Amino acid sequence: MHEMMINTWDFGMPMVTMWLMMIVAVALYFMPTIVAGYRRHSSLFLILVLNVLLGWTMLGWLLLLIWACLGDSHTIWGRPAEKKCPYCAEYIKAEAIKCKHCGSDLAKQETLQNGTASIAGGR
Ligand SMILES: [Zn+2]
């Protein structure tokens, strides 16, 4: 039993595993572009080109990924981000500390709502 398992590995990995690893590797390689695309990054095309050219260098890949994560995005900085008022369920400005619809004080929710706002901003 034990020898058979070792033999399987000696012949190399099964094709399915090979393909899966290829797909994962490609997905990892284009991670900066995927992140930038998901965030509708304003420099998406530039990131894609640099990703193809510099993605094989660990430093270039890492810098592109950071750029894709931190760079300006249309959805977050292009127009004001909005959050949902937990009291009346109306959408208000993310920076608002007081709801314009029901007048509730939202200052206490600030940290919690910031996380929700950035996720909702991806739409
Ligand atoms: Zn409200």
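Residues numbered from 1 in each chain as written. Predicted model: local features only at pLDDT ≥ 70, side-chain atom pairs only at ≥ 80, totals over all residues.

We now examine the packing of helix 4 (residues 44–54) against helix 5 (residues 58–70). Two measures define how a pair of helices packs: the angle their axes make with one another and the distance between the axes. Running from N to C, helix 4 and helix 5 cross one another at 165 degrees; their axes reach a closest spacing of 9 Å. Classified by the angle their axes make, helix 4 and helix 5 are roughly antiparallel. Read as a crossing pair, helix 4 and helix 5 show a hand that is left-handed. Seen from helix 4, the contacting residues are Ile47, Leu50, Asn51 and Leu54; seen from helix 5, they are Gly60, Trp61, Leu64, Trp67 and Ala68. Residue composition of the contact of helix 4 with helix 5, by class: seven nonpolar, two polar and no charged. (Axes fitted to C-alpha atoms, helices over the stretch in contact; angles between N-to-C directions. Helix = DSSP H or I, 4+ residues; strand = E, 2+ residues; numbered from the N terminus. Parallel < 35°, antiparallel > 145°, perpendicular 65-115°, else oblique. Left-handed = near helix turned anticlockwise from the far one by under 90°. Contact = placed C-beta atoms within 7 Å. Nonpolar A, V, L, I, M, F, W, Y, C, P; charged D, E, K, R; others polar.)

So, on to the confidence of the model for the protein chain. Mean pLDDT over the protein chain stands at 78; residues scoring 70 or higher make up 70%. At the level of individual helices and strands, the protein chain shows its lowest average pLDDT in helix 6 (residues 74–78), which scores 49, and its highest in helix 4, which scores 94. (pLDDT = per-residue confidence, 0-100.)

On to helix 3 (residues 31–38), then. Residues that lie three or four places apart on an α-helix share one face, since the helix turns once every 3.6 residues. All buried positions along helix 3 are accounted for by Pro32, Thr33 and Ala36. All buried residues of helix 3 project into a common sector of 95 degrees when viewed along the axis, lining one side. Looking at the buried side of helix 3, the elements it contacts are helix 4 and helix 5. Once helix 3 finishes, Arg40 follows within two positions and takes phi at roughly 50 degrees, a positive value. (Buried ≥ 20, exposed ≤ 12 C-beta atoms within 10 Å, placed from the backbone. Arc of directions from axis to C-beta.)

Relative to the elements of secondary structure, Leu106 occurs in the loop between strand 2 (91–93) and helix 7 (110–120). Classification of Leu106 by C-beta neighbours within 10 Å gives partly exposed; the count is 17. Linking Leu106 and Ala96, residues ten residues apart in sequence, is a C-alpha distance of 7.4 Å.

Glancing now at helix 2 (residues 15–29). Over its 15 residues, helix 2 runs 21 Å from end to end, which matches the ideal 21 Å to within 8%, given 1.5 Å per residue. The buried fraction of helix 2 is low, at zero of 15 residues. (Expected span 1.5 Å × (residues − 1).)

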